[in-house]
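Coordinate analysis (summary)
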Amino acid sequence: MNHDAPVLELDDWQLVCQLLPPGWQDQAYLLGALRRTRGFPNAVVLLRTLLVHLAGGCSLKETATSAQQAGWCAVSPVALFQRLRAAEQWLRWMANQLWQRQPLPLLPHGYRVRAIDATTVGRPGTCGTDWRVHFSVNLENLQCDFFEVTDAHGGETFRRIPVAGGDLLLGDRCYGTPPGIAYVAQAGGHVLVRVNHKALPLFDIAGEPFRLAEELRSTTVGQVRQWPTLVRHGPRDYPGRLVAVKRDRWSACLERRALRKRASKKQRKLSRTTLFLAGYFFVWTDVPAQRLDAAAVLAWYRCRWQIELSFKRLKSILGLGNLPKKREDSCRAWLHGKLLVALLLERLLDNAEHFSPWGYELATASQSLA
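Keep in mind that this is a model prediction, so the values were computed, not measured.

Before going further, it helps to spend a moment on the pairing of strand β5 (residues 190-194). The element β5 is extensively covered by neighbouring structure, given that five of its five residues are classed as buried. Side-chain alternation along β5 places H190, L192 and R194 on one buried face and V191 and V193 on a second face that is also buried. For strand β4 (residues 167-171) and β5, the ladder comprises four bridges, and the chain directions are parallel. Across the sheet, residue L168 finds its bridge partner in β5, namely H190. Crossover connection from β4 via helix α8 (residues 178-186) to parallel β5: handedness right-handed. Inspection of the sheet shows β5 paired to strand β9 (residues 280-285) by three bridges, in the antiparallel sense. Bridged to V193 within β9 is W284.

Spelled out as structure tokens, the structure:
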């Protein structure tokens, strides 16, 4: 069987190769994906076969049959499954290299705005969370700039995210905690988070507890207000602003309905304060007011929805939420493989927007063919 000819005939595969990080074939041997070449003569054949399973959604049996019909290799579904498990570190390395190779462009005022969130994935037959994919999206180009796969115990926190000076991290209520805010501030970044009044206690400039409900009562619909507040972590205070707006009647009704539904599931009773605060939307940020006014703060927080759309694409189009594996090592390999596919698609779409008449980048073509 000629393993090289069928692969080289597929010209489109070379376009995928030039998106992969330099040295990806060598890493297949170093990271254990190709300790033995039995069945798979090289890293190219192995990755192409795995991508049929990961990107095409084919079963192991269908993938093995397709690879044999294409003339790449002849392996059994069991052997392919074992190769997938062994390729976990290799797939993780390639996916990490893809987001690290993409520099974060500067936004106005020197900030790089990044939306942070996590999504859950469960094994077949389970009702709870088995795995959690932590994700960061650069809002300049809507591409992933960091990810991490953890088990169900891996909590959502800013402390998982590598932060550089000038980063502005957008997070939902679970990210609004004093340790997470302190971590970002000490790394030279900034935060814009939705406030959970229990998880994120605020203090006024005098160091007294901020009376959130009392201050919000005077806010009317359409009015954006802000108050200087402090977040306290250990011996240090972190100054910032609470920015709030009153919801309209319909939006407040939907929020209270959602709160009551969650409370009913957990057999808890909502307090009057919680129901009152549901009529308002408020976030906290440490970005100076001269850089970002109150209305702009709320406008930027709206952009956090882009990461929810990324999760929707990952799950509905790439099938990230339908985990077909049960063993822990194969689950991790499958998840990292899916993320690799997602990142490759991002690069392909990005290249399509800046196309050339010959269809590929000359700077990287020679490297991928070497």
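The next thing to look at is the sheet that holds β5. Taken in spatial order, the nine strands of this open sheet run β3-β2-β1-β4-β5-β9-β8-β7-β6, and their pairing is mixed. Pairing within the sheet leaves two strands with one partner each, and these edge strands are β3 (143-151) and β6 (202-203). Sheet analysis places strand β2 (residues 131-138) next to β3, joined by eight bridges and oriented antiparallel. Paired with R132 across the strands is T150, a residue of β3. Together, β1 (112-121) and β2 form the strand contacts of helix α13 (residues 305-316), whose direction differs from that of β1 by roughly 40°.

Here the focus is the confidence of the model for the protein. Detailed reading of the predicted coordinates is not advisable wherever pLDDT falls low. In the predicted model, the protein carries a mean pLDDT of 87, and the fraction of residues at 70 or more is 90%. Scored below 50 in pLDDT, residues 1-11 makes 21 contacts in the model with residues more than four places away or belonging to other chains. pLDDT under 50 marks residues 365-369. Its contacts with residues more than four places away, or in other chains, come to seven contacts.

One pass over the structure, following the stated rule, counts six aromatic pairs. Seen from their ring centres, F281 and Y301 are 5.6 Å apart, and the 55° between their planes marks the pair as tilted. Pair noted here: F281 is in strand β9 and Y301 is in helix α12 (residues 294-302), with a separation of 20 residues, a long-range link. An identical accessibility class is assigned to F281 and Y301; each is buried. One residue, R217, lies across the ring of F276, its end atom 4.4 Å from the ring centre. Over the aromatic face of F203 sits the side chain of R232, whose NZ or CZ is 4.3 Å from the ring centroid.

Looking now at the side chain of R132. Take R132: it is sitting in strand β2. A distance of 2.8 Å separates a polar side-chain atom of R132 from the backbone oxygen of A152. A distance of 2.9 Å separates a polar atom in the side chain of R132 from the backbone oxygen of G154. The contact partners of R132, leaving out residues within four places of it in the chain, are A118, T119, T120, E148, V149, T150, D151, A152, G154 and E156.

Cut-off values and rules
Every chain is numbered on its own, with residues counted from 1 as its sequence reads. Local features in a predicted model are, by the rule used here, given only for residues with pLDDT of at least 70; side-chain atom pairs are given and counted only at 80 or more, and totals for whole chains, interfaces and linings are based on all residues. Only hydrogens and water are removed before side-chain values are computed, so all heavy atoms of the structure are retained for them. Partly exposed residues are those whose accessible area sits between 20% and 50% of the maximum for their type, while under 20% is buried and over 50% is exposed, using a 1.4 Å probe and protein chains only. Helical segments are the DSSP runs of H or I of at least four residues, strand segments are the runs of E of at least two, and each set is numbered from the N terminus. Whether two strands pair depends on DSSP finding at least two bridges between them. Handedness rule for crossovers: strands pointing away from the viewer, path from the first strand over the helix to the second running clockwise, crossover right-handed. We call two residues in contact whenever any of their non-hydrogen atoms come within 4.5 Å of each other. Under this scheme, a helix contributes an axis fitted over its contacting stretch, all axes are lines through C-alpha atoms, and angles between N-to-C directions fall in the 0 to 180 degree range. One confidence number per residue, pLDDT, is output by the predictor and ranges from 0 to 100. The rule is short: rings of Phe, Tyr and Trp, with Trp giving its six-membered ring, pair when the centres are within 6.5 Å, and they are stacked under 30 degrees, edge-to-face over 60, tilted in between. For a Lys NZ or an Arg CZ to count as sitting over a ring, it must be within 6 Å of the ring centre and within 35 degrees of the ring normal. Distance and chemistry together define a polar contact, namely a pair of N or O atoms within 3.5 Å, with one atom able to donate a hydrogen and the other to accept it when in protein, and with adjacent residues in sequence counting only for side-chain atoms on both sides.

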